[in-house]
Amino acid sequence: ITPDRVGALRIPPVTVTVDGKQYSSPEQQLTVRTSDAGDLLSAEVFGQPPEAYIGQPLELVLRIAIKPFRDQAHGMLNESQMWNLVDLQGSQWGVFEQELVELRQRNAAPRAQQEMRGKELWFVYELTRRVWPPKTGTPDIGDVRVRMTYPLALREVQNFFNERQLMIGESRPLSVTASPSGITVLPLPDAGRPASFS
């Protein structure tokens, strides 16, 4: 389950019937706290250009920013290593689903760049999708939720060939949602329409 608001979360009893007899689990009460995932992972969708008319091609860009993990003993994980921790199948990609399918088929990662946010280095990955919005307002991008396993500690192991290899020793799940930011689809202009316009 993925909670979508802060506060108390009630999980009702689960009941099963075995040989005509019912068994129930106890009710569970959980406390959902404010997420700090944004300190390590963020996602946003913007348009190029930010304004477009109905039916005009619009490039939607999904920007996923990940703060690279640093380990005192083993250094910093690179762009490829951090992207490999994104749960591609467990995430929801909305209108960007086809781009993810193509990346998985090629066993590739999206274009990445480094960006300074304050004094911190982040890796930024971009996926693009061209759409032709059919109505005014904010374009519909579907559900976009990015999930990843973020490392908290690394450990060194030896593989079958006695080569040293880094593995995640401890981790935590992260999840963020993306919504369109500053994108507006405008109605077709009235001024200057020819009489034959339809």
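Residues numbered from 1 in each chain as written. Predicted model: local features only at pLDDT ≥ 70, side-chain atom pairs only at ≥ 80, totals over all residues. Heavy atoms only, no water.

*Asks:* Quick rundown of the overall build of the protein? Include the residues and the values.
*Replies:* Scanning the protein from N- to C-terminus turns up two helices and 15 strands. With the C-alpha coordinates aligned to their principal axes, the bounding extent of the protein is approximately 75 × 55 × 35 Å. In the protein, which comprises 198 residues, the share counted as buried stands at 28%. When contacts within the protein are restricted to residue pairs at least 6 apart in sequence, long-range pairs at least 24 apart make up 65% of them. (Helix = DSSP H or I, 4+ residues; strand = E, 2+ residues; numbered from the N terminus. Buried < 20%, exposed > 50% of the residue type's maximum accessible area, 1.4 Å probe, protein only. Contact = heavy atoms within 4.5 Å.)

*Asks:* Run through the sheet that holds strand S10 (residues 92-93), naming residues and quoting values.
*Replies:* The strands making up a sheet associate through hydrogen bonds between their backbones, and the pairing can be parallel or antiparallel. Ordered by their spatial adjacency, three strands build an open sheet running S10-S13-S14, and the pairing between neighbours is antiparallel. If you trace the sheet from one side to the other, it starts and ends with S10 and strand S14 (164-177), each paired once. (Pairing = 2+ DSSP bridges.)

*Asks:* Explain unusual backbone geometry to me, using residue names and the numbers behind them.
*Replies:* Pro 49 follows Gln 48 through a cis peptide bond whose omega is 0°. Looking at the element boundaries, Pro 49 is found in the loop between strand S5 (41-48) and strand S6 (51-53). If you check the backbone angles, Asp 19 has positive phi at about 50° while not being a glycine. Within the element layout of this structure, Asp 19 appears in the loop between strand S2 (15-18) and strand S3 (21-24).

*Asks:* Pulling in residues and values, what's your account of the packing of aromatic side chains?
*Replies:* One pass over the full model with this rule turns up two aromatic pairs. Considering the side-chain rings of Phe 69 and Tyr 150, the 6.3 Å spacing of their centres and the 85° angle between planes classify their relative orientation as edge-to-face. Linking Phe 69 in the loop between strand S7 (58-66) and strand S8 (70-71) with Tyr 150 in strand S13 (residues 144-158), this pair joins segments that are 81 residues apart in sequence. In this structure Tyr 150 comes out as buried when scored by relative accessible area, which is 4%. Ring geometry for Trp 83 against Tyr 125: centres 5.1 Å apart, planes inclined by 40°, an arrangement best described as tilted. With Trp 83 in helix H1 (residues 79-83) and Tyr 125 in strand S12 (residues 120-131), this pair connects stretches of sequence that are 42 residues apart. Accessibility expressed as a relative area gives 4% for Trp 83, which makes it buried. Its end group placed over the ring of Trp 122, Arg 117 keeps NZ or CZ at 4.9 Å from the ring centre. (Phe/Tyr/Trp six-rings, centres within 6.5 Å; stacked < 30°, edge-to-face > 60°. Lys NZ or Arg CZ within 6 Å of the ring centre and 35° of its normal.)

*Asks:* Go over the pattern of salt bridges with me, naming the residues and quoting the values.
*Replies:* Per the stated rule, a full pass over the model turns up 10 salt bridges. A salt bridge links Glu 97 to Arg 104; the shortest N-O distance between them is 3.9 Å. Look at Glu 97 and you get partly exposed, because its relative accessible area is 33%. By relative accessible area, Arg 104 is classed as partly exposed at 34%. What you see here is one network of salt bridges that share partners, running through Glu 44, Arg 63, Arg 111, Glu 115, Arg 117 and Glu 126. (Salt bridge = Lys/Arg side-chain N within 4 Å of Asp/Glu carboxyl O.)

*Asks:* Any chance you could break down the sheet that holds strand S11 (residues 111-117) for me, citing the residues and the numbers?
*Replies:* If you walk across this open sheet you meet the four strands as S5-S7-S12-S11, and the pairing is antiparallel. Two strands close off the open sheet at either side, each with one partner strand: S5 and S11. On average, adjacent strands in this sheet sit at an angle of 30° to one another, irrespective of strand direction. (Axes fitted to C-alpha atoms, helices over the stretch in contact; angles between N-to-C directions.)

*Asks:* I'd like a description of the layout of surface pockets, backed by residues and values.
*Replies:* Its boundaries defined by the atoms lining it, the largest pocket holds a volume of some 650 Å³. Around the largest pocket, the lining is made up of 20 residues, and of these Pro 3, Val 32, Arg 33, Ser 35 and Ser 175 lie nearest the centre. The set of elements that each furnish at least two residues to the lining of the largest pocket consists of strand S4 (28-32), S13 and S14. Per-element accounting of the lining of the largest pocket gives the leading share, six residues, to S14. (1 Å grid on protein atoms, 1.4 Å probe; cavity = no way out; pocket = protein on both sides within 12 Å on 5 of 7 lines; lining within 4 Å. Points joined across faces, edges and corners; volume = space filled by probe spheres on them.)

These figures come from the coordinates and say nothing about function on their own.
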